[in-house]
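Observations on chain architecture
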Amino acid sequence: MAVGKVSDANFEAEVLKATGPVVVDFWAEWCGPCRMIGPVLDEISGAMGDKVKIVKLNVDESPRTASKYGVMSIPTLMIFKGGELASRQVGAAPKQKLEQWITATV
């Protein structure tokens, strides 16, 4: 499953009302570490298939959602389950650490 994109407009429908767990990557185009973990999230998404949905939210284009969840620095990754925030990871991390974090939470 490819990494999708969400915005303020569809965050509730795509993330909060999703049937399974969703990893949200809060990022921005100008953020170097954000661009570094992009390909890693693509790999994890491919490896985990339907177990988890991974989406990206551009904080410059969708500031309302980022503000609502208190995103102060990017990248910030959050896992939502059943419409609730289940876990948060701030900063870039190696693929293995991100996979462990996602697997432990979902």
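Given the structure is predicted, the values throughout are model-derived calculations rather than measurements.

Right, let's get into the overall build of the protein. Scanning the protein from N- to C-terminus turns up four helices and five strands. Secondary structure of the protein in N-to-C order comes out as β-α-β-α-β-α-β-β-α. For 106 residues, the compact-globule estimate of 2.2 N^0.38 gives 13 Å, and the protein sits close to it at 12 Å. For the protein, the spread of C-alpha atoms along the principal axes amounts to about 30 × 30 × 20 Å. A buried classification covers 48% of the 106 residues belonging to the protein. Pairs at least 24 apart in sequence give 70% of the contacts found in the protein among residues at least 6 apart.

Quick look at the environment of N10 now. Structurally, N10 is set in the loop between β1 (4-6) and α1 (11-16). Residue classification places N10 among the partly exposed residues on the basis of a relative accessible area of 25%. Between the alpha carbons of N10 and V106 there is a distance of 22 Å; along the sequence they are 96 residues apart.

A few words now on the UniProt feature "active site" (unreviewed entry) in the protein. When the UniProt feature table is mapped onto this chain, "active site" (unreviewed entry) is found at C31 and C34. Take C31: it is sitting in the loop between β2 (22-27) and α2 (32-48). Take C31: its relative accessible area is 4%, and that puts it in the buried class. Dropping the residues within four chain positions of it, C31 is found in contact with I74 and P75. Relative to the elements of secondary structure, C34 occurs in helix α2. A residue is classified by how much of its surface remains accessible, and C34, at 1% relative accessible area, is buried. In this structure, C34 is in contact with W27, A28, I74 and P75, ignoring residues within four places of it in sequence.

The next point concerns the environment of V55. With respect to the helices and strands, V55 occurs in strand β3 (residues 53-58). The class of V55 is buried, set by a relative accessible area of 3%. Contact partners of V55, with chain neighbours within four places excluded, come to V3, G4, V6, V15, V22, V23, V24 and D25.

What follows is about the state of the cysteines. Tallied over the entire structure, the rule returns one disulfide. Covalent S-S linkage joins C31 and C34, the inter-sulfur distance amounting to 2.3 Å. Its S-S torsion of approximately 80° makes the covalent link between C31 and C34 right-handed.

What counts and what doesn't
- Residues numbered from 1 in each chain as written.
- Predicted model: local features only at pLDDT ≥ 70, side-chain atom pairs only at ≥ 80, totals over all residues.
- Heavy atoms only, no water.
- Helix = DSSP H or I, 4+ residues; strand = E, 2+ residues; numbered from the N terminus.
- Rg over C-alpha atoms; globule rule 2.2 N^0.38 Å.
- Buried < 20%, exposed > 50% of the residue type's maximum accessible area, 1.4 Å probe, protein only.
- Contact = heavy atoms within 4.5 Å.
- UniProt positions renumbered as here; feature names shortened; annotations may be inferred.
- Disulfide = S-S within 2.5 Å.

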